[in-house]
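A closer look at the structure
Spelled out from the first residue to the last, the chains are:
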Amino acid sequence: FAIQVERQLLAQEKTVSFLSAAQNDVQNYFKSRSHDVYEKLQKANQLIDSNDKETLALLLTQVRRSIKAAADYFYPEQQRKVLCSDGVERNLGDEQYLNRLEEFVRTSFHRSTSRDLLRAELDHLLVFARRLNDIASKGVHSDVSLFEAKQGFLGLYMFLYNVIQRLEIKEG
């Protein structure tokens, strides 16, 4: 029994170590490239340990702002309609940050299993972000669970981590 507990603790330490390293990689990437994204991620980090519903609502707002800031960094707003990679002409202005993030992933990485996985991860994050936008527009953002807040936070970091890894492979 003791050996099994020891193995479980070791496995948990490896997971925590990986998650911490991924978070550090994301923060270091943006610290040197985008002060805006970095600051928004830092604010989200400050809010993650709360159990207070109002603070959790603020965390989700910060996650949404971080997603927008990342979209602004990776694919800045366009003043005119853009012919997107799927053949559809779209507005990709300030408010269409989720569409801009989608187009960034489509156009920045060659078609591969890796890109398909990143695309699936983005799809999940986009559904989550659109739900956040709907909740915020209805003014019921304070009805947020701890699970939802942490899901948004972790999803954002994992998506950004995977994008950064692929960008660094592409550059290298």
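Higher on the page you've got the structure.
First, a word on scope: everything that follows refers to the structure included in this document. Position labels on residues start from 1 in each chain and follow its written sequence. Totals for whole chains, interfaces and linings use all residues, but because this is a predicted model, local features are given only for residues with pLDDT of at least 70 and pairs of side-chain atoms are given and counted only at 80 or more. Note that water and hydrogens are dropped before the side-chain values are worked out from all heavy atoms of the structure.

**Observations concerning the overall build of the chain**
Quick note on the threshold: Strands are runs of DSSP state E lasting at least two residues, helices are runs of H or I lasting at least four, and both sets are numbered from the N terminus onward. Categorising residues by exposure relies on relative accessible area from a 1.4 Å probe, with only protein chains included: less than 20% of the type maximum marks a residue as buried, more than 50% marks it as exposed, and the intermediate range marks it as partly exposed. In what follows, residue pairs with any heavy atoms lying within 4.5 Å of each other are defined as contacts. For the area figures, the Shrake-Rupley method with a 1.4 Å probe applies, and any residue is considered shielded solely by the protein chains shown. Working convention for charge: Lys and Arg count positive, Asp and Glu count negative, and His plus the chain ends are omitted. By convention, charge coordinates are those of NZ in Lys, CZ in Arg, CG in Asp, or CD in Glu.
The helix and strand tally for the chain stands at six helices and two strands. Reading the chain from its N end, one meets helices and strands in the order α-α-α-β-β-α-α-α. With respect to the principal axes defined by its C-alpha atoms, the chain has extents near 65 × 45 × 30 Å. Relative to its full complement of 172 residues, the chain shows a buried share of 41%. Put simply, 65% of the contacts in the chain that link residues at least 6 apart link residues at least 24 apart. Summing over all exposed atoms, the chain offers an accessible surface of approximately 10,300 Å²; the carbon and sulfur share of this is 51%. Counting 24 positive and 24 negative side-chain charges, the chain places the averaged centre of each group 3 Å from the other.

**Observations concerning the packing of aromatic side chains**
Geometry of an aromatic ring pair is reported as the spacing of the ring centres plus the angle between the planes. The condition that has to hold: Side-chain rings of Phe, Tyr and Trp, where Trp is taken by its six-membered ring, are said to pair if the distance between their centres is within 6.5 Å; with planes under 30 degrees apart they count as stacked, over 60 as edge-to-face, and otherwise as tilted.
Across all of its chains, the model carries eight aromatic pairs by this definition. When the centroid spacing of 4.6 Å and the interplanar angle of 20 degrees are considered together, the rings of F74 and F104 count as stacked. Here F104 lies in helix α4 (residues 97-108) and F74 lies in helix α3 (residues 53-74), a separation of 30 residues in the sequence. Each member of the pair, F74 together with F104, is buried.

**So, the packing of helix α2 (residues 35-47) against helix α6 (residues 146-171)**
For the record, the criterion: Orientation is described by lines fitted to C-alpha atoms, with helices fitted over the stretch in contact, and by angles between N-to-C directions that extend from 0 to 180 degrees. Each crossing is labelled by how the near helix is turned from the far one, with a counterclockwise turn of less than a right angle marking it left-handed and a clockwise turn marking it right-handed. Residues are grouped as follows: nonpolar covers Ala, Val, Leu, Ile, Met, Phe, Trp, Tyr, Cys and Pro; charged covers Asp, Glu, Lys and Arg; every other residue, Gly included, is treated as polar.
α6 packs onto α2 with a crossing angle of 145 degrees between their chain directions and a minimal axis gap of 11 Å. Where α2 crosses over α6, the handedness of that crossing is left-handed. On α6, the residues touching L41, A44 and N45 of α2 are F153, L156, Y157 and L160. Considering only residue class, the contact of α2 with α6 consists of six nonpolar, one polar and no charged.

**Some remarks on the layout of surface pockets**
Threshold: Detection works on a 1 Å grid of protein atoms alone, calling trapped sets that fit a 1.4 Å probe cavities and calling open sets with protein on both sides within 12 Å along at least five of seven lines pockets, with lining residues defined by an atom within 4 Å of a point. Grid points are joined across faces, edges and corners, and a volume is the space filled by probe spheres set on the points.
Approximately 190 Å³ is the volume found for the largest pocket. Of all the secondary-structure elements, those providing two or more residues to the lining of the largest pocket are α1 (2-33) and α6. Per element, the largest residue contribution to the lining of the largest pocket is five residues, and it comes from α6. Among the residues forming the lining of the largest pocket, the class breakdown is seven nonpolar, three polar and one charged.

**Some points on the side chain of R106**
The condition is simple: What qualifies as a polar contact is a pair of N or O atoms within 3.5 Å, subject to a donor-acceptor requirement within protein and to the restriction that residues adjacent in sequence count only when both atoms come from side chains.
Summarising the element assignment, R106 is placed in helix α4. Of note is the side chain of R106, whose polar atom sits 2.9 Å from the side chain of E103. Excluding residues that lie within four positions of it along the chain, R106 makes contacts with S85, D86, R90, R115 and R119.

**A look at α2**
Put simply, the rule reads: Helix span, as expected, comes to 1.5 Å for every residue beyond the first.
Taking 1.5 Å per residue, 13 residues should reach 18 Å; α2 reaches 19 Å between its end C-alpha atoms and fits that length. Along α2, the residues that are buried comprise V37, Y38, L41, A44, N45 and L47.

**Brief notes about the environment of Q42**
Tracing the chain through its elements places Q42 in helix α2. Sequence-wise, Q42 and Q27 are 15 residues apart; in three dimensions their C-alpha atoms are separated by 8.1 Å.

**Brief notes about a nonpolar patch on the surface**
Just so we agree on the cut-off: Patch membership requires over 30% relative accessible area and the absence of a salt bridge. Like charges are linked within 9 Å, and nonpolar side chains (Val, Leu, Ile, Met, Phe, Trp, Tyr) within 5 Å. By salt bridge we mean one thing: a side-chain nitrogen of Lys or Arg within 4 Å of a carboxyl oxygen of Asp or Glu.
Nonpolar side chains collect at one region of the surface, where F18, L19 and L154 lie side by side and expose about 250 Å² of accessible area between them. Of note, L154 is situated in helix α6.

**Comments concerning the side chain of Q62**
With respect to the helices and strands, Q62 occurs in helix α3. Q62 sits in the buried class, given a relative accessible area of 8%. If near-sequence neighbours (up to four positions away) are discounted, Q62 is found in contact with K40, K43, A44 and L47.

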